Structure formats: structure tokens, C-alpha cells
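Coordinates in review
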Amino acid sequence: MRLNQEQITYIENYISTFQIKYYEVYMEILDHMILSVEAIIEEDKTISFEKAVIKAKVEGFGKYSFREIEEERVALINKKQRKEYGIHLKTYFTLPYLAFTILIFSSSYLALNFFEKPYIMALVFLPIIFCLIDWSKKQLKYSKKNNLKILKMQNYGYLVNLVTLWSNLFNAVGIIGVQNLSSSVAYKIFASIIITMSFLSFLFYVKLSKKVTEEIQQQIFV
């Protein structure tokens, strides 16, 4: 049997008592619960609707909260992002894109020989500033729907962290005194690697942010 709107509203209210954080997870659980309740009532004509709801919850998600499914979805998104980032980096370390990576590294190394450290390292922070501004705009526009967080916005946070990772590494090394070796070849090579990886991570952000935005618009804000 198909549930009526009043019964669907009952299930929505029931699910809301478990303080689910993410809109996508909420909708996934709601769809699952509706289908399960319909199947249970169809199979057992004597069961009450309220008991069917509880049975659907226990059989589908266990006795307690929906926290496990939320954690699984967040972990799945992070795993997918790590995999895509690895593929992205691998692309730029194989032909024909390897030539582009070498060009960035070489240009950075040469620039370090002609400019003081603060000027050349600004190249690392410019992409970070861009990403933070873009991320802030997306947060304002897509952060919530129906008072629930948008899970796909986790992608943006992860992407920003990838871009800032390399500058943080550079700063961490600088704190322990490597900046005192700024005239050394080893330091210039290290700084060039940081600039190169930051730029490649920035390209990944630009590429994936467009894709994520389109997915959010299509799946959530329709």
C-alpha cells in the first residue's frame, strides 16, 4: 500500500527526533523508511502504522540513532575525494602533463633565485585566498536546506584543506628554523615543491568545485 501525506509527515517527524545533521542523509533515510513501512504493512495487515514505523527503523538502521549511516556517508565522501585527488596528482606526474609540472617547478626555483622569500611565497597564499573566498560564498549559498547541513559541502572543506595543506607544511618547517637556510639549494628545491603542489592542488579545487556545485544544484536546490 502507498502511504498518505499524513503518514509521511508522521515518519518525517519521527526521523527528526534523532537530530540528523545532513539533508542528503535525511532524504535517504526518509525514502528507505517510507518504502519499508509500506512493505511491512503490505505483508502484515494486522500491524499498526506506528509499530510498522518502529519495525522499519529497527530492521533498517538498528534500535538507536542514525549516527552510523551519517558517519559512513561522511567517510565515503572523504575517501572518494582522496582517491580523486590521488588520480589528479598522478595525471600531472605522467606525460603529457608532466611537462607542465616541471615548468611550474622550474619557474618557482628560478623565481626564488631572483626574488626575496616573502614575494615568491605569496604565490602559495594567493590560491588559498581565492579558495577561502570561493568557499565562503558557497557556504552562504548552499550550506543548508530545511535547516539541515548539505553533506556535499564537506567536499568544499576537504578541497580547501588540500590547498592549505602545503602552505601549512611550509610554515611548520619554517618554525623549526629552515627559513635560516633560505639561500641554500635544498631550501629552494623544498620551496619549489611546495609551490608546485599548492598550484596542482588549486587546479584540483577549481576542477572539482565546479562539479560539486553542479551536483548540489541538481540534487538539492531544484
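So, a few notes on the structure that sits alongside this text. (Residues numbered from 1 in each chain as written. Predicted model: local features only at pLDDT ≥ 70, side-chain atom pairs only at ≥ 80, totals over all residues. Heavy atoms only, no water.)

1. Observations concerning the side chain of Ser-192
Definition in use: Secondary structure elements are defined from DSSP: runs of H or I of at least 4 residues count as helices, runs of E of at least 2 residues count as strands, and each element is numbered from the N terminus. Relative accessibility decides the category of a residue: with a 1.4 Å probe and only protein chains considered, values under 20% of the type maximum give buried, values over 50% give exposed, and everything between is partly exposed. Pairs of residues are marked as contacts when any of their non-hydrogen atoms sit within 4.5 Å.
On the secondary structure map, Ser-192 appears in helix H9 (residues 185–219). In this structure Ser-192 comes out as buried when scored by relative accessible area, which is 0%. The contact partners of Ser-192, leaving out residues within four places of it in the chain, are Phe-105, Ser-108, Tyr-109 and Leu-112.

2. What to know about helix H4 (residues 67–91)
Here is the rule: In a helix, the anticipated span is given by 1.5 Å times the number of residues less one.
In a regular helix each residue adds 1.5 Å, so 25 residues correspond to 36 Å; H4 covers 36 Å between its end C-alpha atoms and thus fits that length. Residues Ile-69, Glu-70, Val-74, Ile-77, Gln-81, Glu-84, Tyr-85, His-88 and Leu-89 constitute the buried set of H4.

3. Description of the packing of aromatic side chains
Definition in use: Each Phe, Tyr or Trp ring (for Trp, its six-membered ring) is paired with any other whose centre lies within 6.5 Å, and the angle between the two planes then decides the class: stacked below 30 degrees, edge-to-face above 60, tilted in between. Note on criteria: charge over ring means Lys NZ or Arg CZ within 6 Å of the ring centre, with the direction from the centre no more than 35 degrees off the ring normal.
Per the counting criterion, the structure on display carries 10 aromatic pairs. Relative to Phe-66, the ring of Phe-61 has its centre 5.0 Å away and its plane inclined at 70 degrees; by these criteria the two rings are edge-to-face. Residue Phe-66 is classed as buried on the basis of its relative accessible area of 2%. Each ring, one from Phe-100 and one from Phe-199, has its centre 6.2 Å from the other, and the planes form 45 degrees; the classification is tilted. Separated by 99 residues along the polypeptide, Phe-100 in helix H5 (residues 98–114) and Phe-199 in helix H9 bring together distant segments of the chain. Taking the relative accessible area as the measure of exposure, Phe-100 reaches 32% and is therefore partly exposed. Judged by relative accessible area, which is 31%, Phe-199 ranks as partly exposed. Of the aromatic side chains, those joined through ring pairs into one cluster are Tyr-92, Tyr-97, Phe-100, Phe-130, Phe-199 and Phe-202. The cationic tip of Lys-57 hangs over the ring face of Phe-66; the distance from NZ or CZ to the ring centre is 4.9 Å.

4. Digging into a nonpolar patch on the surface
For clarity, the threshold we go by: Nonpolar side chains (Val, Leu, Ile, Met, Phe, Trp, Tyr) are joined into patches within 5 Å and like charges within 9 Å, using only residues with over 30% relative accessible area and no salt bridge. Areas reported here follow the Shrake-Rupley algorithm with a probe of radius 1.4 Å; residue values treat only the protein chains shown as occluding. Note on definitions: salt bridges are taken to be side-chain nitrogens of Lys or Arg within 4 Å of carboxyl oxygens of Asp or Glu.
On the surface, a cluster of nonpolar side chains totalling about 370 Å² of accessible area is made up of Phe-125, Leu-126, Ile-129 and Ile-133. Tracing the chain through its elements places Phe-125 in helix H7 (residues 122–142).

5. Some points on the nonpolar core
Note the following rule: Residues enter a nonpolar core if they are buried and are Ala, Val, Leu, Ile, Met, Phe, Trp, Tyr or Cys, with the set joined through side-chain atoms within 4.5 Å.
Of all hydrophobic cores here, the largest spans 53 residues; its most connected members are Leu-3, Ile-11, Ile-15, Ile-29, Val-37 and Ile-216. Among the secondary structure elements, those contributing two or more residues to this core are helix H1 (5–16), helix H2 (23–43), helix H3 (49–61), H4, H7, helix H8 (153–175) and H9. The element best represented in this core is H2, accounting for 10 residues.

6. Looking at the pattern of salt bridges
Enumeration according to the criterion identifies seven salt bridges in this entry. For Lys-211, the salt bridge goes to Glu-84, with nearest N and O atoms at 3.6 Å. With Lys-211 in helix H9 and Glu-84 in helix H4, this pair connects stretches of sequence that are 127 residues apart. Classification of Lys-211 as partly exposed rests on a relative accessible area of 37%. Residue classification places Glu-84 among the buried positions, given a relative accessible area of 18%. Ionic pairing is found between Lys-138 and Asp-134, a salt bridge with its closest N-O pair at 2.8 Å.

7. Re the packing of H4 against H9
When two helices pack together, their arrangement is given by the angle between the helix axes and by the axis-to-axis distance. To be explicit about the condition: Fitted lines through C-alpha atoms serve as axes, helices being fitted only where they are in contact, and the angles separating the N-to-C directions of these axes extend from 0 to 180 degrees. Any angle between 65 and 115 degrees counts as roughly perpendicular, while under 35 counts as roughly parallel, over 145 as roughly antiparallel, and the rest as oblique. The crossing is said to be left-handed when, going from far helix to near helix, the turn is anticlockwise and less than a right angle, and right-handed when the turn is clockwise.
At a minimum axis distance of 10 Å, the contact between H4 and H9 shows a crossing angle of 125 degrees. Considering the angle they form, H4 stands oblique to H9. Considering the relative orientation of H4 and H9, their crossing is right-handed. In this structure, H4 contributes Gln-81, Glu-84, Tyr-85, His-88 and Leu-89 to the contact, and H9 contributes Met-197, Leu-200, Ser-201, Leu-203, Phe-204, Leu-208 and Lys-211.

8. A short note on unusual backbone geometry
With an omega of 5 degrees, the peptide bond between Leu-95 and Pro-96 qualifies as cis. Inspection of the secondary structure puts Pro-96 in the loop between H4 and H5. Its identity as a non-glycine residue notwithstanding, Asn-147 has a phi of 65 degrees, on the positive side. Within the secondary structure layout, Asn-147 lies in the loop between strand E1 (144–145) and strand E2 (148–149).

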